[in-house]
Amino acid sequence: MNGFASHGLDEDAFGEKSNLKSGLQTFDAFPKTKPSYTTPSRRGGQWTVLILIICTVFSLSEFLAWLKGTEAHHFTVEKGVSHDLQLNLDAVIHMPCDTLHINIQDAAGDRVLASQMLTREPTSWKLWMDKRNYEKGEYQTLSREDEKRVKDQERDAHAGHVFSELRRNTNRKFPKGPKLRRGEKVDSCRVYGSLEGNKVQGDFHITARGHGYQDGMKHLEHGAFNFSHMITELSFGPHYPSILNPLDKTIATTESHYYKYQYFLSVVPTIYSRNQNIDLDALPTSSSSTRKSNKNLIVTNQYAATSQSDALPESPYLIPGIFFKYNIEPILLLISEERSGFLNLVIRLVNVCSGVIVTGGWFYQISSWVGELRRRRAGKGRSEGYLSGKVQEE
């Protein structure tokens, strides 16, 4: 009929074969890339290099963030993990050692004779001022802290920095003071050491001999009073010298003899951990045993401090001295380092790279479309099927 059969040709050979492969092609819903987009070009290569650089930067950023981890703060009610509270003190008072009274009076009614438990070392006030303050400028007044000191305190509140400092500084002993030089005037007393008290509200005070207690000791003349002091360390819990507390390396001086310094401290029990899932009931009752049993767990205390100082009129009812009034807050602060699993890191890297590639492809297509549109407007994008130029007159 149509001449194909007479020439020995099959009409079905000129159409699409109806097999399984051709049937699946009807369900193909994916758009095909234009041939012009698959042609290598210099501009496309530059764009590809740029996308690879962006993917590398973002991937490194995600990996470093994963490696560093995140820090989480959780508050809970203090369940009485321990009943003892360790106090660490290293201070210099501008008075001879035999003229000082150092005691603790807590809310439980117990009195701790801190003078017998702490080490008292005769020293020179000028020597400490020259070696520790004027040369290095370490000691500052509590009301005039510089920006560096504030940043150091904020850094010491992070779990990662605390663990790194404790791993680097393993020595937890009190540092040695400057040695007395020959002929140096001994007019001060360095008081340092650790002592145990009840984990309740208390008052740690340094007063003069014969004042504040009916202990039968000889009354000290008021003209010998000078409660100027330098605090190298005041902390609660295990002794960690590398951690900067609010009263560490502070100085307070006065010319008045009858003077009273008051520090009000709010102590918050704190746990630093590298594990976000901690069973608080399973913690050891002793901070030292906790430190030995688990290197990824630090049980300590933080505190906030405010101060008040006034010159007092000489009266038998008013007692000059240095008073640290501390209050144990009924909360527990848990600071933990958290890090997601490796699979989550892989998923984040895939998402980041995919997002950059897709976004880069969109920008590339948009820029190509804009460039093509500009060429057409400039008359450079006409098809070869159109005549260009003017028709010459015969």
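Owing to the predicted nature of the structure, the values given are computational and were not obtained by experimental measurement.

Considerations on the overall build of the protein
And step 1. Of regular secondary structure, the protein possesses eight helices and 13 strands.
And step 2. Expressed as a percentage of its 394 residues, the buried residues of the protein come to 37%.
And step 3. A separation threshold of at least 6 residues defines the contact pool for the protein, and within that pool the share at least 24 residues apart is 85%.
And step 4. For the protein, the computed accessible surface area is about 25,700 Å², with 55% contributed by carbon and sulfur atoms.

Some details on the state of the cysteines
Chemically, a disulfide is nothing more than a covalent bond linking the sulfur atoms of two cysteines.
And step 1. A complete count under the given rule lists one disulfide for this structure.
And step 2. For C97, the disulfide goes to C189, at an S-S distance of 2.1 Å. Between C97 and C189 the sulfur-sulfur dihedral comes to about 100°; the bridge is accordingly right-handed. In this pair, C97 sits in the loop between β2 (84–93) and β3 (100–106) while C189 sits in strand β6 (residues 188–198), placing the two residues 92 residues apart along the sequence. Per residue, the accessibility class of C97 equals that of C189, and both read buried.

Regarding the packing of aromatic side chains
And step 1. Counting across every chain of the model gives eleven aromatic pairs.
And step 2. For the ring pair F204 and F324, a centre distance of 5.8 Å and an interplane angle of 35° mean the geometry is tilted. With F204 in strand β7 (residues 202–208) and F324 in strand β12 (residues 321–328), the pair connects residues that are 120 residues apart, well separated along the chain. Like F204, the residue F324 is buried in the burial classification.
And step 3. For the cation-ring pair, R190 lies above Y192, with the distance from its terminal atom to the ring centre recorded as 4.1 Å.
And step 4. Over the aromatic face of F323 sits the side chain of K260, whose NZ or CZ is 4.9 Å from the ring centroid.

Reading the values: rules and limits
Residues numbered from 1 in each chain as written. Predicted model: local features only at pLDDT ≥ 70, side-chain atom pairs only at ≥ 80, totals over all residues. Heavy atoms only, no water. Helix = DSSP H or I, 4+ residues; strand = E, 2+ residues; numbered from the N terminus. Buried < 20%, exposed > 50% of the residue type's maximum accessible area, 1.4 Å probe, protein only. Contact = heavy atoms within 4.5 Å. Areas by Shrake-Rupley, 256 points an atom, 1.4 Å probe, with all protein chains shown as cover. Disulfide = S-S within 2.5 Å. Phe/Tyr/Trp six-rings, centres within 6.5 Å; stacked < 30°, edge-to-face > 60°. Lys NZ or Arg CZ within 6 Å of the ring centre and 35° of its normal.

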